[in-house]
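Examining the three-dimensional arrangement
What follows is the residue order along each chain.
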Amino acid sequence: ICYRFTIEIPQAMASAIPSLLFCLLVLAPRLGSSSHTSFINGGKQTFVRSSDSRVPTCSPAPSDGGEVPAGRLPVMHRLSPCSPSSAGEGKSMLSAGDAFDRDALRLRAIFRESEPEDSKVGLTIPATGAPLAALPGAADYNVVVGFGNPVQKLAVGFDTATVGATLLQCKPCSADGDPCDKFFDPSRSYSLAQIPCASPDCPLRACSEPSSCTFALKKKGAVLVNATVVTDTLTVSRSASANDFRFACLEMGAGTTESSSGVLDLSRERHSLASRVALSPDTVAFSYCLPADPGFPGFLSLGATRPERSGRGVVGGYATVWDKASHPNLYFLRLVGVSVGVRHLRVPPAALASDALLEVHTTFNYLSHHVYAALRHEFREQMREYRRAPPLGELETCYDFSRESSYSVPMITLRFHGGAELVIDHMLYFKDPRNVFGVACLAFAPAPAYAPAGVAVVGSMAQVNMEVVYDVRGGKVGFVPNGC
């Protein structure tokens with residue numbers, strides 16, 4: 001359950017902290033593994049029943065020393081038994097409908113249009129009576145980093161679409177003084193520095209006090225969130241750190257239930273962590289691989305070695321990152337082709353071309369209505385031999401594989417301007433993520449009405465088990481298969 005807060009603030013601040021999402025529970029829809037094996041051949045992924053039954057266990061990532069590069073962090077899904085936040089303990093998966101609702105909250109926050117002045121009422125909360133959950137919420141994948149001196153290690157999410165604000169929950173975390181051990185304590189750090197309100201590094205046009213870059217979110221006179229933009233040391237490993245790193249320190253004035261301590265900004269904004277990474281000709285700003293199995297880690301690599309320098313290649317080359325005036329800090333790629341199995345969609349180039357947003361906090365994939373209709377038709381044609389199942393939420397192309405001993409699914413390939421290809425091998429959403437021989441649906445949907453015309457979204461399901469390489473300085477993105 002998520003709540004969106006709308007703050008009555010000038011546009012400058014809105015561009016730095018575009019939307020505050022408070023989430024009670026955000027869970028992945030696809031973790032786990034039933035008894036099966038799978039293989040890829042001829043543009044199709046085949047699933048075969050197996051007697052090998054696995055229970056997800058924690059497979060520790062390598063330690064900070066040894067062979068692990070200094071900027072490489074293990075990534076765990078929040079439902080993983082290894083998750084540093086332990087947020088998924090005893091939790092169940094989101095339904096398709098709930099996952100769509102979460103996607104809608106996320107995408108509305110990103111694509112929201114300018115709101116009229118009379119709509120800025122300060123705060124909007126559904127009348128559920130539930131306590132507020134912790135900001136920022138919505139972080140499916142977590143890493144552990146350190147803030148301050150001495151270092152305070154915290155589990156945080158990471159985001160490529162924050163539009164320029166690393167967010168961190170700070171003490172005091174509640175008005176009644178409840179314990180919050182997983183929050184950053186500014187009073188313990190000798191290197192923390194305030195940013196004056198008049199500084200060019202302060203994203204606010206108006207502050208609560210001139211000596212600091214601070215604002216307060218209030219309702220009926222009560223402070224719900226007090227946020228101060230500060231700088232401090234960010235420590236990634238023993239040998240990798242960033243001094244004077246800017247982030248918003250959020251003091252909560254209400255009870256919280258979320259375990260993640262914040263979210264790292266990996267956008268193109270000049271204060272983001274991606275913009276602070278020291279580079280050489282052989283490195284890129286960052287890359288990540290989102291794990292498909294809860295028992296194994298993925299990774300987030302800052303200052304990552306270019307794949308071509310280590311004997312691995314990006315598929316088809318690199319895609320060019322397109323600049324959009326409305327969202328200058330996000331990663332948009334120009335979609336120029338879609339294939340289902342070995343067949344290219346028969347869509348006119350002008351209708352096919354879309355600005356595709358790479359998104360790690362959105363679950364499903366969204367295409368323009370014309371392209372989606374062509375994809376749906378071709379996918380159904382190639383899956384005619386299998387029994388159809390009723391829709392799940394907005395997923396309308398579903399199948400029941402419960403009677404099958406094996407089945408094959410055409411893989412979907414997205415091609416982007418510049419040559420990059422994203423070959424998606426997690427194109428199905430399973431109703432029961434631990435049973436691939438149950439009901440499964442094509443994890444694509446038409447772009448929602450509130451999204452700008454000509455925009456597509458590549459969600460986290462399409463990126464699972466793929467190393468996504470971000471050459472921020474070069475303005476390009478590449479994909480390396482089997483990255484985790």
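See the structure printed just above.
Right, let's walk through the structure included here. If you're wondering where the values come from, they're calculated on a predicted model, not measured in any experiment. (Residues numbered from 1 in each chain as written. Predicted model: local features only at pLDDT ≥ 70, side-chain atom pairs only at ≥ 80, totals over all residues. Heavy atoms only, no water.)

Digging into the sheet that holds strand β3 (residues 36-41)
Spatially, the three strands line up as an open sheet ordered β3-β4-β23, and their pairing is antiparallel. For this open sheet the edge positions go to β3 and β23 (406-410), each flanked by a neighbour on one side alone. Sheet twist, expressed as the mean angle between neighbouring strand axes with direction ignored, is 20°. Here five bridges tie strand β4 (residues 44-49) to β23, and the two strands are oriented antiparallel to one another. Its bridge partner lying in β23, Thr 46 is registered against Ser 408. (Pairing = 2+ DSSP bridges. Helix = DSSP H or I, 4+ residues; strand = E, 2+ residues; numbered from the N terminus. Axes fitted to C-alpha atoms, helices over the stretch in contact; angles between N-to-C directions.)

Remarks on the packing of aromatic side chains
What the rule picks out here adds up to 21 aromatic pairs. When the ring of Phe 100 is compared with that of Phe 364, the centres are 4.4 Å apart and the planes differ by 25°; the resulting orientation is stacked. With Phe 100 in helix α2 (residues 96-111) and Phe 364 in the loop between β19 (354-358) and β20 (365-367), this pair connects stretches of sequence that are 264 residues apart. Take Phe 100: its relative accessible area is 5%, and that puts it in the buried class. (Phe/Tyr/Trp six-rings, centres within 6.5 Å; stacked < 30°, edge-to-face > 60°. Buried < 20%, exposed > 50% of the residue type's maximum accessible area, 1.4 Å probe, protein only.)

Examining the pattern of salt bridges
Think of it this way: side chains of opposite charge can pair up when their charged atoms draw near. Inspection of the entire model under this criterion finds 13 salt bridges. One salt bridge in this structure joins Asp 159 and Arg 106, with 2.6 Å as the shortest N-O distance. Placement of the pair is Asp 159 in strand β7 (residues 152-159) and Arg 106 in helix α2, with a sequence separation of 53 residues. For Asp 159, a relative accessible area of 3% gives the class buried. One salt bridge connects Glu 467 with Arg 312, and the closest N-O pair in it is separated by 2.4 Å. With a gap of 155 residues between them, Glu 467 in strand β30 (residues 467-471) and Arg 312 in the loop between β15 (298-302) and β16 (319-322) connect regions that are remote in the sequence. Look at Glu 467 and you get buried, because its relative accessible area is 4%. Owing to a relative accessible area of 33%, Arg 312 belongs among the partly exposed residues under this scheme. (Salt bridge = Lys/Arg side-chain N within 4 Å of Asp/Glu carboxyl O.)

Brief notes about the state of the cysteines
Here the structure, examined in full by the defined rule, presents five disulfides. The residue that forms a disulfide with Cys 170 is Cys 249, at a sulfur-sulfur distance of 1.8 Å. Looking down the S-S bond of the Cys 170 and Cys 249 bridge, the torsion is -120°, so its handedness is left-handed. With Cys 170 in strand β8 (residues 167-170) and Cys 249 in strand β12 (residues 240-252), this residue pair connects regions lying 79 residues apart in the sequence. Accessibility assignment for this pair places Cys 170 and Cys 249 in one class, buried. (Disulfide = S-S within 2.5 Å.)

Describing the pairing of strand β6 (residues 141-147)
Of all the seven residues making up β6, six are buried; the element is thus mostly covered by neighbouring parts of the structure. Bridge count for strand β5 (residues 72-77) against β6 is two bridges, and the pairing is antiparallel. Each residue of the ladder has a partner; that of Met 76, found in β6, is Asn 142. As judged from the six bridges shared by β6 and β7, these two strands associate in the antiparallel manner. Within β7, the position partnered with Val 143 by the bridge is Val 156. Adjacent in sequence and paired antiparallel, β6 and β7 are bridged by four residues, among which Gly 148 carries a positive phi angle near 80°.

Remarks on the sheet that holds strand β26 (residues 428-430)
Paired through their backbone hydrogen bonds, the strands of a sheet run either parallel or antiparallel. Read from one edge to the other, the open sheet built from four strands follows the order β21-β22-β27-β26, with strand pairing classed as antiparallel. Looking at the sheet topology across the chains shown, the edges are occupied by β21 (388-389) and β26. Both strand β22 (residues 398-400) and strand β27 (residues 439-442) contribute to a ladder of three bridges, which runs antiparallel. Residue Asp 400 lies in a different strand from β27, and its bridge partner there is Val 439.

A look at α2
Given a rise of 1.5 Å per residue, 16 residues ought to cover 22 Å, and the 22 Å separating the end C-alpha atoms of α2 matches this to within 8%. Burial in α2 covers these residues: Ala 96, Ala 99, Phe 100, Arg 102, Asp 103, Arg 106, Leu 107, Ala 109, Ile 110 and Phe 111. (Expected span 1.5 Å × (residues − 1).)

Topic: the side chain of Ser 189
In this structure, Ser 189 sits in the loop between β8 and β9 (193-194). For Ser 189, a relative accessible area of 9% translates into the label buried. A polar side-chain atom of Ser 189 sits 3.3 Å from a polar atom in the side chain of Ser 191. Dropping the residues within four chain positions of it, Ser 189 is found in contact with Gly 148, Asn 149, Gln 152, Phe 184 and Asp 232. (Polar contact = N/O pair within 3.5 Å; in protein donor to acceptor, adjacent residues only side chain to side chain. Contact = heavy atoms within 4.5 Å.)

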